[in-house]
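Chains, contacts and geometry: an overview
As a plain string of letters, each chain reads:
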Amino acid sequence: MGQIIDRKPARLQKYDYTRGNTVFVTICVEGRKNLLGKILSPETETDRPHIELSRIGQTADRYARTIPGIENYVIMPNHVHMLIRNAEGENISSKIRGWKFMITKEIGTGIWQRSFYDHVIRDEKDYLTKWQYIENNPSKWVIDRYYQA
């Protein structure tokens, strides 16, 4: 029988996630399998590494564009980072759950880890840092904490 994993809650305790805010989210593929695509090396010196999305990655991309409040995102081979602005009363968990559901329904199987990591953006500097992280993530794939060859 498999070992039960005791997960530490990643959510801020006693934080009202339904008040207007911007949240940086990381969603991982179960087992961190590279199902969403692969990072391609630059073709010229002025190019940057970029991701070639798999069929599943293309599905994830199509549904990411429909998330209310999505401001920036990057799909990596085995995880996704998003910056999502929530209006008052909106719930980040509902948005992510709906996104995962639509992908699962279309591809016919679940691929996502049960939960996700979130970070509430605290100020403009924090926002810009997360924005740059998303923009530069494909260039840093081989040193990424989620890297799997």
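See the structure above.
Okay, so let's go over this structure. (Residues numbered from 1 in each chain as written. Predicted model: local features only at pLDDT ≥ 70, side-chain atom pairs only at ≥ 80, totals over all residues. Heavy atoms only, no water.)

1. Looking at helix α2 (residues 92-107)
Cut-off, in case you're wondering: Numbering of helices and strands runs from the N terminus; a helix is a DSSP stretch of H or I covering at least four residues, while a strand is a stretch of E covering at least two. Expected span of a helix: the number of residues minus one, times 1.5 Å. The contact criterion used is simple: two residues touch if any of their non-hydrogen atoms lie within 4.5 Å.
Between its terminal C-alpha atoms α2 stretches 23 Å, which fits the 22 Å expected from 16 residues at 1.5 Å a residue. Looking at the packing, one finds that the buried side of α2 touches β1 (21-28), α1 (55-64), β5 (79-86) and β6 (117-120). Gly-108, located one to two residues past α2, shows a positive phi value of around 90°.

2. Looking at the pattern of salt bridges
What counts is decided by this rule: Here, a salt bridge means any side-chain nitrogen of Lys or Arg that lies within 4 Å of a carboxyl oxygen of Asp or Glu. Burial status follows relative accessibility: with a 1.4 Å probe on protein chains alone, a residue under 20% of its type maximum counts as buried, one over 50% as exposed, and anything between as partly exposed.
Scanning the entire structure with this criterion turns up five salt bridges. Asp-61 is paired through a salt bridge with Arg-65; the nearest N and O atoms lie 3.0 Å apart. Residue Asp-61 is classed as buried on the basis of its relative accessible area, which comes to 15%. By relative accessible area, which is 56% here, Arg-65 ends up exposed.

3. Looking at the packing of aromatic side chains
How two aromatic rings sit relative to each other is given by the distance of their centres and the angle of their planes. Spelled out, the test is: Two rings belonging to Phe, Tyr or Trp (six-membered ring only in the last case) form a pair when the distance between their centres is within 6.5 Å. Interplanar angles under 30 degrees mark stacking, angles over 60 mark edge-to-face geometry, and anything in between is tilted. Cation placement over rings: the criterion is NZ of Lys or CZ of Arg within 6 Å of the ring centroid and within 35° of the ring normal.
Throughout the structure, instances matching the rule amount to three aromatic pairs. For the pair Phe-24 and Tyr-133, a centre-to-centre distance of 6.0 Å together with 85° between the ring planes defines the contact as edge-to-face. Separated by 109 residues along the polypeptide, Phe-24 in strand β1 and Tyr-133 in helix α3 (residues 124-136) bring together distant segments of the chain. The exposure class of Phe-24 is buried, given its relative accessible area of 4%. Aromatic side chains Trp-99 and Trp-112 sit 4.9 Å apart centroid to centroid with 40° between the ring planes, which places their arrangement in the tilted category. Here Trp-99, found in helix α2, pairs with Trp-112, found in the loop between α2 and β6; they are 13 residues apart in sequence, far enough to count as distant. We note that Trp-99, like Trp-112, is buried. The ring of Tyr-63 carries the charged tip of Arg-62 above its face, separated from the ring centre by 5.2 Å. Its guanidinium or amino end placed over the ring of Phe-24, Lys-130 lies 5.0 Å from that ring's centre, counting from NZ or CZ.

From the geometry alone we can't say anything about function, so treat these as descriptive.
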